[in-house]
Amino acid sequence: MEESNYISEYFNRFMNIFSTEVGDGSSMVFTKLDFWLFFLLVMVFFSFFHKNKLIRSIYLTAISCFFFFKTSGLYVILLGVSVTVNFFLGQRIYESKSELRRKWIIAFSAIFNILILGYFKYAYFFTDSFNEMFNTDFELVNHFAQFGNSFFGEGTFVERILLPVGVSFFTFQNISYVVDIYRKEIEPVKNYFHYSFFVTFFPQLVMGPIVRARDFIPQISKAYRLTKDEFSWAIIQIVTGLLKKIVIADYLAVHFVDKIADAPDGYPGFVSILAMWGYSLHIYADFSGYTDIAIGLSKLMGFSLKPNFNSPYKARSVAEFWRRWHMSLGAWLKDYLYIPLGGNRTGGTGSYIAIFVIFVFLIFITQWYELIYIYIGLSCIYLLGVMLITDFKRYVHRDLNLIITMVVGGLWHGASENFVIWGAMNGCALVIYKYWRKISFYENSNVWIANFWKIFVTFNFITFTRIWFKLEDDGQPLVMLDQIWNHFDFTWESFVVVLQTYQSVFWIMLAGFIVHWLPDKVKALYETAFKRMPMPVQAISVAIIVFLMYQAVSSEAPPFVYLQF
């Protein structure tokens, strides 16, 4: 009888997973059993379809759209429209013989994609900012929802504009595809379903990494291939990602970081510093854990995704950190924003206008009017440099383009003044570093103490800026800063009490940082050892690890951080 109930329970669970009922999408995240049941069934049918490349693309497109539907409901229509429009725009650019016509098409593509992202992600932010700045009271109306409700029936779409999951990622992929065709770096995909599969591929659809057409589309025409070593490597990536998310990220967030971040004024200031150190480990384990799983799942289906992280806390400068952190976004911003702005060589009127708008906006949202004097002072310094130093103008353009790129990168993460401040701080740090490295006496030193110092400074600066990344409400970062500055209240006795109260948290933090800072060759040892195991031993090992890690699962386990972006 119990066996019958057990089978019935799982049958009902399967039916619920593949029903047309839309939940909040939480059951389809990589750490939930429902997702793995979903993936298991996907792979069963995939084994029948993988030999025919077109059928494989159609099947995985359909599965990916269904996956998106389960997480974002009828916003799957938006995804379909975005894919279709960009597919045909790419073809039209390639076929056009007129350069003027090509420019009109690429301009339309840019406007179309930016409007999608701007409307669904930034409409409320810019409307509220405009109202505050000019003392107006404009209200935002969701015309798409009104039209949809008139067509599909009242109540089908929520009147408030909601953020579709993954809109930042699939919009950036569409933009890069069309731009690369315009630059004549790639040719358009001939088959619609091959392109739709590229954009909607479900392991990376909602949280990346941002995949480039030049890297992924050539793989679509290749036959499915998965060796034992590749299978073992994929399993390692998946298990590593689950360990990062469940054992490190979720545990730190639930049992320490979120408690302090929600009420920093309720704890001594030094505890906020410990919490932000914990948050830096949390967000790395959370996001890199997701991408590890996405990369592993993709490999099981025969597709390779580029790594998105490279031990970022080993970075010895802010510039190196941004080459190691969220590498797909950094490469995208460099290729499609920083270089088109002029990179480190030139700049145009747009760069000067953009930097002026950024400073005005920062002054307005921070109410720190002393920034006006900083802006004027920096303008005078740069003007003097241009007058006195040969070729100094290109440094001016480089600095402006860096700050603009990082502010846009901040806005990409979220529609909030805190993200603008966070982006601006990182942009300014990159500019300062570009000059500092020319005069630093230890910049090229490989002495261990110099490397330790550079890593220490870089890590703590990145952690400091994340106060604005973690604390969402406007002004809340200042509360934590005030607590750190004016109520530090460190004593050995209070420190021991904190260590004893959150003992398990600090053990996990210590272990997490040690593993992160281990040399890559040490980490490669366990991969090699796992690959050499017989398949039955691998299966038993994975089963034991998964069983043990899920003992750490909390009922309050938070979703992946980057789902909100």
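Here, every reference points to the structure presented above.
Residues numbered from 1 in each chain as written. Predicted model: local features only at pLDDT ≥ 70, side-chain atom pairs only at ≥ 80, totals over all residues. Heavy atoms only, no water.

Trainee: For this particular structure, what's the right way to read the overall build of the protein?
Mentor: Looking only at helices and strands, the protein has 24 helices and 0 strands in total. Radius of gyration (C-alpha) of the protein: 25 Å, near the 24 Å computed for a compact globule of 565 residues. Oriented by its inertia axes, the alpha-carbon framework of the protein measures out at about 80 × 70 × 50 Å. A burial count over the protein gives 51% of its 565 residues as buried. When contacts within the protein are restricted to residue pairs at least 6 apart in sequence, long-range pairs at least 24 apart make up 76% of them. (Helix = DSSP H or I, 4+ residues; strand = E, 2+ residues; numbered from the N terminus. Rg over C-alpha atoms; globule rule 2.2 N^0.38 Å. Buried < 20%, exposed > 50% of the residue type's maximum accessible area, 1.4 Å probe, protein only. Contact = heavy atoms within 4.5 Å.)

Trainee: Is there a simple way to think about the packing of aromatic side chains in this case?
Mentor: Evaluation of the coordinates by the stated rule reveals 67 aromatic pairs. Summarising the aromatic geometry, the rings of phenylalanine 459 and tryptophan 517 are spaced 6.2 Å apart at their centres and angled 75 degrees between planes, so their arrangement reads as edge-to-face. Of this pair, phenylalanine 459 sits in helix H19 (residues 448-470) while tryptophan 517 sits in helix H22 (residues 503-517), placing them 58 residues apart in sequence. According to the relative accessible area criterion, tryptophan 517 is partly exposed, its value standing at 37%. The aromatic ring of tyrosine 435 is capped on one face by arginine 398, whose charged end is 5.1 Å from the ring centroid. The aromatic ring of tryptophan 325 is capped on one face by arginine 466, whose charged end is 4.5 Å from the ring centroid. (Phe/Tyr/Trp six-rings, centres within 6.5 Å; stacked < 30°, edge-to-face > 60°. Lys NZ or Arg CZ within 6 Å of the ring centre and 35° of its normal.)

Trainee: I keep staring at the pattern of salt bridges and nothing clicks. Help me out?
Mentor: Side chains that carry opposite charge are capable of pairing whenever their charged atoms lie near each other. Inspection of the entire model under this criterion finds 16 salt bridges. Salt-bridge contacts for glutamate 99 lead to arginine 102; the nearest nitrogen and oxygen are separated by 3.3 Å. Of this pair, glutamate 99 and arginine 102 both sit in helix H5 (residues 99-134), 3 residues apart, roughly one helical turn. Glutamate 99 sits in the partly exposed class, given a relative accessible area of 38%. Its salt-bridge partner being aspartate 180, residue arginine 214 comes within 3.0 Å of it at the nearest N-O pair. Of the two residues, arginine 214 sits in helix H10 (residues 213-220) while aspartate 180 sits in helix H7 (residues 167-182), which places them 34 residues apart along the sequence. The exposure class of aspartate 180 is buried, given its relative accessible area of 0%. (Salt bridge = Lys/Arg side-chain N within 4 Å of Asp/Glu carboxyl O.)

Trainee: Even after reading the chapter, I still don't get the side chain of arginine 102, so can you show me in this structure?
Mentor: Residue classification places arginine 102 among the buried residues on the basis of a relative accessible area of 6%. Aside from chain neighbours lying at most four places away, what touches arginine 102 is Ile93, Ser96, Ile181, Tyr182 and Lys184.

Trainee: What is the right way to read unusual backbone geometry from this model?
Mentor: Residues apart from glycine generally show negative phi values, whereas peptide bonds are mostly found in trans. Within the chain, serine 311 stands out as a residue other than glycine whose phi angle is a positive 40 degrees. One can find serine 311 in the loop between helix H12 (269-300) and helix H13 (318-324). The exposure class of serine 311 is buried, given its relative accessible area of 7%. A positive phi angle, close to 65 degrees, is found at aspartate 391, a residue other than glycine. Turning to its location among the elements, aspartate 391 is positioned in the loop between helix H16 (371-388) and helix H17 (393-413).

Trainee: Is there a simple way to explain helix H20 (residues 476-486) in this structure?
Mentor: Helical geometry note: an α-helix holds 3.6 residues per turn, so side chains three or four residues apart project in the same direction. Looking only at H20, the buried set comprises Gln476, Pro477, Met480, Gln483 and Ile484. For H20, the angular spread of buried residues about the axis comes to 125 degrees, placing them on one side. Away from the buried face of H20 by more than 90 degrees, exposed residues Leu478 and Trp485 are located. Buried residues in H20 make contact with helix H11 (228-262), H12, helix H18 (417-439) and H19. (Arc of directions from axis to C-beta.)

Trainee: Just to check I follow, could you spell out the side chain of asparagine 418 for this structure?
Mentor: Mapped onto the elements, asparagine 418 comes out in helix H18. Its relative accessible area of 2% is what places asparagine 418 among the buried residues. Among the polar contacts listed, one links the side chain of asparagine 418 to the backbone oxygen of glutamate 472, at a separation of 3.2 Å. Other than its neighbours up to four places away in sequence, asparagine 418 contacts Trp468, Leu471, Glu472, Asp473, Asp474, Gly475 and Pro477. (Polar contact = N/O pair within 3.5 Å; in protein donor to acceptor, adjacent residues only side chain to side chain.)

Trainee: Before we go on, may I ask you to explain the packing of H11 against H12 in this structure?
Mentor: Angle between the axes and distance between the axes are the two parameters that describe a pair of packed helices. Between H11 and H12, the shortest axis-to-axis distance is 7 Å and the interhelical angle comes to 155 degrees. Comparing their axes, H12 and H11 come out roughly antiparallel. Considering the relative orientation of H11 and H12, their crossing is left-handed. Per-class residue counts for the contact of H11 with H12 are 23 nonpolar, 9 polar and 7 charged. (Axes fitted to C-alpha atoms, helices over the stretch in contact; angles between N-to-C directions. Parallel < 35°, antiparallel > 145°, perpendicular 65-115°, else oblique. Left-handed = near helix turned anticlockwise from the far one by under 90°. Nonpolar A, V, L, I, M, F, W, Y, C, P; charged D, E, K, R; others polar.)

Trainee: When you look at the nonpolar core in this model, what are you seeing that I'm missing?
Mentor: Burial of nonpolar side chains together is a common tendency in soluble globular proteins. Grouped together as the largest cluster of nonpolar side chains are 162 residues, with contacts concentrated most on Phe38, Tyr177, Phe198, Phe256 and Tyr562. Here this core gets 17 residues from one element, more than from any other, and that element is H12. (Core = buried A, V, L, I, M, F, W, Y, C linked by side-chain atoms within 4.5 Å.)

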